[in-house]
Amino acid sequence: MRTAVFSARPYDRRFLEEATQRADAAWPVEFLYFDATLDVHTAALAQDCEAVCVFVNDRLDAPVLQALHALGVRAILLRCAGFNNVDLAMAGQLGFFVARVPAYSPEAVAEHALALVMTLNRHTHRAYNRVREGNFMLDGLLGRTLYGTTVGIVGTGKIGLATGRIFKGMGCTVLGHDPYPSSAFDAIGAYVALDDLLARADIVSLHCPLTPDTHHLINTTSLARMKPGAMLVNTSRGGLVDTHAVIGALKARHLGHLAIDVYEQESALFFQDRSGEIIDDDAFQRLMTFPNVLVTGHQGFFTVEALQEISEITLRNLGDFAAGRPCANAVPLP
Ligand code: NAI
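The shown structure was predicted, so the numbers you read here are calculated from the model rather than taken from an experiment.

**Looking at the pattern of salt bridges**
No. 1: Scanning the entire structure with this criterion turns up 11 salt bridges.
No. 2: Measuring nitrogen to oxygen at the nearest pair gives 3.6 Å for the salt bridge that ties R79 to D12. Taken together, the residues span a long stretch of sequence, with R79 in the loop between β4 (75-78) and α3 (88-93) and D12 in helix α1 (residues 10-23) at a distance of 67 residues. D12 matches R79 in its accessibility class, with the two residues each being buried.

Dropping the structure here:
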């Protein structure tokens, strides 16, 4: 089964090859690795392949799906949980098999959300540089004790629950909002309406998927409802947050801190070395000027354990497709 792996970084190759050796697949599997992001210009790289293996910023819109189908590709394997980058209606129309990795170490993302909060709150990134330069002044490093503060979790699924548990363990009051409440979350926090959560939380952490309903969930109106000085954390998907509205709230000194691992226009930046280039994204560059903003480049998932799980489940999904078996991780298509 020839499979074109797009957006392939050295770690993708390493973990997919290791998983292939461990799986000892009864069917031949051959991965072809391409650095390129999948789009209408790069789809041709999947020539002679039956499957493509893609990541969050690969684009599987109607023209790309049609191009892949014309090349003979029949399966799409997402190395991630979210599938907002796939035109599901077109994939269904063309008869594609689409499978994802619904869960891989949710704790990895939850722990990264905690790392962002702790860094921004206690300014460890600034302290690191200061101390290396022999500056031991504390001015500008003042944080807050998180014990006793209120953390609002928007989306209490696997990652939201793991995040809530961490903050509960730190002695925070945990609030949650989710159209589908869970008893597991009930055990650690209280469900409230979104407006109530925004008004009460010192830290708002986003863990819901990006859908047409959640696009720009955080906008001028919802930001105005947040407590003055509160921290917004987004490790879910960039499109949940209206970047221009957030810049406005930071400039107005209403939003206290912003920590993001995902960014609405990240596909033009993330997972690439752009250090020697001029970055044209003015909104991103404006964000970089705020001392109370911390951005990481979509690394919430990036642990050994998560990459092993992603590769193993991807391989299993491919095996189900190859054998024509029902696949538990298939994305339902309209
Ligand atoms: P999940 O499916 O277990 O949980 C998502 C929860 O969001 C569900 O409980 C759902 O009911 C809820 N939800 C849906 N619409 C909502 C709304 N309007 N308001 C509040 N809650 C809503 O998904 P999981 O595994 O927890 O992942 C969450 C998101 O994290 C994914 O969609 C993905 O975008 C992101 N993610 C980010 C990673 C990173 O590296 N930064 C890695 C993995 C996932």
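**Describing the site of the ligand**
No. 1: Lining the immediate environment of the ligand, one finds 22 residues, of which K158, I159, D178, T235 and F301 sit closest.
No. 2: At 3.5 Å, a backbone N or O of G157 approaches an oxygen atom of the ligand.
No. 3: For the ligand, a nitrogen atom lies 2.9 Å from a polar atom in the backbone of T235.
No. 4: Taking 870 Å² as the accessible area of the ligand by itself, protein coverage stands at 84%.
No. 5: When each cavity is represented as a set of grid points, the ligand is found to reside in the largest pocket.
No. 6: For the shell around the ligand, the class distribution of residues is 9 nonpolar, 9 polar and 4 charged.

**Focus: the sheet that holds strand β1 (residues 2-5)**
What links the strands of a sheet is backbone hydrogen bonding, and the strands pair in either a parallel or an antiparallel sense.
No. 1: Strand order in the open sheet made by the 5 strands is β2-β1-β3-β4-β5, with parallel pairing throughout. On the outer flanks of this sheet lie β2 (30-33) and β5 (97-99), each paired with one strand and no other. Across the sheet, the mean angle separating the axes of adjacent strands is 20° when strand polarity is ignored.
No. 2: Relative to the sheet, α1 contacts β1 and β2, its axis offset from that of β2 by approximately 175°.

**Thoughts on the layout of surface pockets**
No. 1: Approximately 1,100 Å³ is the volume found for the largest pocket.
No. 2: Lining the largest pocket are 43 residues, and of these H207, C208, P209, L210 and S236 lie nearest its centre.
No. 3: Where the lining of the largest pocket is concerned, the elements lending two or more residues are α4 (106-122) and α6 (158-169).
No. 4: In the lining of the largest pocket, the residues fall into 23 nonpolar, 15 polar and 5 charged.
No. 5: Of the domains in this structure, domain 1 (2-104 + 303-323) and domain 2 (106-295) are the two that each give at least three residues to the lining of the largest pocket.
No. 6: Taken as a whole, the second largest pocket encloses approximately 500 Å³ of empty space.
No. 7: Lining the second largest pocket are 22 residues, and of these V56, N57, N84, E264 and S267 sit closest to its centre.
No. 8: Two domains each donate at least three residues to the lining of the second largest pocket, and these are domain 1 (2-104 + 303-323) and domain 2 (106-295).

**As for empty space enclosed by the protein**
No. 1: Scanning all chains against the criterion turns up 2 cavities of 30 Å³ or more.
No. 2: The volume enclosed by the largest cavity comes to roughly 210 Å³.
No. 3: Around the largest cavity sit 20 residues that line it, and S7, Y11, D12, F55 and R79 are the ones nearest its centre.
No. 4: At the level of elements, α1 and α12 (304-323) are the ones that each hand at least two residues to the lining of the largest cavity.
No. 5: Domain assignment of the residues forming the lining of the largest cavity places at least three in each of domain 1 (2-104 + 303-323) and domain 2 (106-295).
No. 6: Tallied by class, residues from the lining of the second largest cavity come to 7 nonpolar, 3 polar and 1 charged.

**Notes on the environment of D87**
No. 1: When you line up the elements, D87 lands in the loop between β4 and α3.
No. 2: Residues D87 and V64, 23 residues apart in the sequence, show an inter-C-alpha distance of 9.5 Å.
No. 3: Discounting residues that sit within four places of it in the chain, D87 has contacts with L60, D61, A62 and L65.
No. 4: Polar side-chain contacts of D87 include one of 3.3 Å to the backbone nitrogen of A89.

**So, the nonpolar core**
No. 1: Of all hydrophobic cores here, the largest spans 37 residues; its most connected members are V52, L68 and I76.
No. 2: Elements with a minimum of two residues in this core: β3 (51-54), α2 (62-71), β4, α3 and α12.
No. 3: Other than its neighbours up to four places away in sequence, L68 contacts L38, A43, A46, V52, L60, V73 and F96.

**Description of the packing of α4 against α6**
No. 1: It is at 8 Å that the axes of α4 and α6 come closest, and there the two elements cross at 50°. Between α4 and α6, the crossing angle belongs to the class labelled oblique. Judged by the sense of rotation from one axis to the other, the crossing of α4 with α6 is right-handed. Contacts between α4 and α6 involve P106, E107, V109, A110, E111, A113, L114 and V117 from the former and K158, I159, A162, T163, I166 and F167 from the latter.

Conventions we followed
- Residues numbered from 1 in each chain as written.
- Predicted model: local features only at pLDDT ≥ 70, side-chain atom pairs only at ≥ 80, totals over all residues.
- Heavy atoms only, no water.
- Salt bridge = Lys/Arg side-chain N within 4 Å of Asp/Glu carboxyl O.
- Helix = DSSP H or I, 4+ residues; strand = E, 2+ residues; numbered from the N terminus.
- Buried < 20%, exposed > 50% of the residue type's maximum accessible area, 1.4 Å probe, protein only.
- Near = heavy atom within 4 Å.
- Polar contact = N/O pair within 3.5 Å; in protein donor to acceptor, adjacent residues only side chain to side chain.
- Areas by Shrake-Rupley, 256 points an atom, 1.4 Å probe, with all protein chains shown as cover.
- 1 Å grid on protein atoms, 1.4 Å probe; cavity = no way out; pocket = protein on both sides within 12 Å on 5 of 7 lines; lining within 4 Å.
- Sits in = over half its atoms within 2 Å of the grid points.
- Nonpolar A, V, L, I, M, F, W, Y, C, P; charged D, E, K, R; others polar.
- Pairing = 2+ DSSP bridges.
- Axes fitted to C-alpha atoms, helices over the stretch in contact; angles between N-to-C directions.
- Contact = heavy atoms within 4.5 Å.
- Points joined across faces, edges and corners; volume = space filled by probe spheres on them.
- Domains from an automatic or database assignment.
- Core = buried A, V, L, I, M, F, W, Y, C linked by side-chain atoms within 4.5 Å.
- Parallel < 35°, antiparallel > 145°, perpendicular 65-115°, else oblique.
- Left-handed = near helix turned anticlockwise from the far one by under 90°.

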